[in-house]
Amino acid sequence: MRLAEIEALVGVPYSEDACDCADFVVLVQQQLFGRAVQLPSGRPRGAAGQAVIGELSRPYGTAVPAPSDGDLVLMTDHGMRRPGHAGVYFHLAHEGWVLHSNEKNGCSVLHRVRDLPDFGLRIEGYYRWV
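First, a word on scope: everything that follows refers to the structure included in this document. None of these values were measured; they are calculated from a predicted model. Just so you know, the residues in each chain are numbered from 1, in the order the chain's sequence is written. Only residues with pLDDT of at least 70 are given local features in this predicted model, and only at 80 or more are side-chain atom pairs given and counted; all residues enter the totals for whole chains, interfaces and linings. Note that the side-chain values use all heavy atoms of the structure and ignore hydrogens as well as water.

With that out of the way, let us pick up the overall build of the chain. Strands are runs of DSSP state E lasting at least 2 residues, helices are runs of H or I lasting at least 4, and numbering of each runs from the N terminus. Each helix and strand counted, the chain has three helices and six strands in total. Along the chain, helices (α) and strands (β) appear in the sequence α-α-α-β-β-β-β-β-β when read from the amino end. Dimensions along the principal axes, computed over C-alpha positions, put the chain at roughly 35 × 30 × 30 Å. For the chain, with 130 residues in total, the buried portion stands at 45%. For the chain, restricting intrachain contacts to residue pairs at least 6 apart in sequence, the fraction spanning at least 24 positions comes to 55%. With 12 positive and 15 negative side-chain charges, the chain shows a separation of 5 Å between the mean positions of the two kinds. The buried label goes to any residue with under 20% of its type's maximum accessible area, the exposed label to any with over 50%, and the partly exposed label to all in between, with areas taken from a 1.4 Å probe on protein chains only. Should any heavy atoms of two residues lie within 4.5 Å, those residues are considered in contact. His residues and chain termini do not enter the charge count, which takes Lys and Arg as positive and Asp and Glu as negative. By convention, charge coordinates are those of NZ in Lys, CZ in Arg, CG in Asp, or CD in Glu.

As structure tokens, this is what we get:
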């Protein structure tokens, strides 16, 4: 994957109702990988959606110990017990990066995996799309 293709998706505005982290993951999968990922209709949004994002996401992937470009990343946010945030993994410049979107940033951002704890995020796991 070329950096320019990934950077084209940095700065997409976050919206709890229209483009939350799960919607953004779907957008990335469609635009960069041509995957037809569909989220369940009527899924909860906001805090209720964050509370179940892990359970909603797991049927779409199989846990992997070493991620590859495009894999789903589930994260735990600010000391929560269950994953409530999702992103997409990329290997760039010899290290792991996560492209994700959240309310705190107000838009999509690309963070190094090693920097995620500085933003209150902990990786729960990596998942290969089924």
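On to the sheet that holds strand E5 (residues 108-112), then. By this definition, two strands are paired if DSSP reports at least two bridges between them. Strand order across the open sheet formed by six strands is E1-E6-E2-E3-E4-E5, with antiparallel pairing between neighbours. The outermost strands of the open sheet, each flanked by one partner alone, are strand E1 (61-64) and E5. Strand-to-strand twist in this sheet, taken as the mean axis angle between neighbours without regard to direction, amounts to 40°. Inter-axis angles, ranging from 0 to 180 degrees, are taken between N-to-C directions of lines fitted to C-alpha atoms, where helices are fitted over the stretch in contact. Sheet strands in contact with helix H2 (residues 21-33) are strand E2 (72-77), strand E3 (85-92), strand E4 (95-101), E5 and strand E6 (121-129), and its direction is about 35° off that of E3.

Once that is clear, we can look at unusual backbone geometry. The backbone of alanine 93 sits at a positive phi, close to 50°, despite the residue not being glycine. Considering the arrangement of structural elements, one finds alanine 93 in the loop between E3 and E4. Under the relative-accessibility criterion, alanine 93 is labelled exposed at 63%. Here histidine 94, not a glycine, exhibits a phi torsion of approximately 70°, which is positive. Within the secondary structure, histidine 94 sits in the loop between E3 and E4. By relative accessible area, which is 78% here, histidine 94 ends up exposed.

This paragraph deals with the nonpolar core. Each nonpolar core is a collection of buried residues, namely Ala, Val, Leu, Ile, Met, Phe, Trp, Tyr and Cys, held together in the definition by side-chain atoms within 4.5 Å. In this structure, Ile6, Val28, Leu72, Ala86, Phe90 and Leu99 are the most contacted members of the largest nonpolar core, which totals 23 residues. Counting only elements with at least two residues in this core, the list comes to H2, E2, E3, E4 and E6. Element by element, the count of residues in this core is highest for H2, at seven residues. The residues touching leucine 72, leaving out its near neighbours within four places in the chain, are Val25, Ser57, Ala86, Gly87, Gly125, Tyr126, Tyr127 and Trp129. By size, the runner-up hydrophobic cluster in this structure holds eight residues, among which are Val64, Val98, Leu116 and Tyr126.

Here the aromatic set is Phe, Tyr and Trp, taking the six-membered ring for Trp, and pairing holds for ring centres within 6.5 Å; pairs whose planes are under 30 degrees apart are stacked, those over 60 apart are edge-to-face, and all others are tilted. Tallying each qualifying case throughout the model produces two aromatic pairs. Arranged with centres 6.1 Å apart and planes meeting at 20°, the rings of phenylalanine 33 and phenylalanine 90 form a pair that is stacked. With a gap of 57 residues between them, phenylalanine 33 in helix H2 and phenylalanine 90 in strand E3 connect regions that are remote in the sequence. Geometrically, the ring pair formed by tyrosine 89 and tyrosine 126 is edge-to-face, given 5.6 Å between the ring centres and 80° between the ring planes. With tyrosine 89 in strand E3 and tyrosine 126 in strand E6, this residue pair connects regions lying 37 residues apart in the sequence. Residues tyrosine 89 and tyrosine 126 agree in their burial class; the two are buried.

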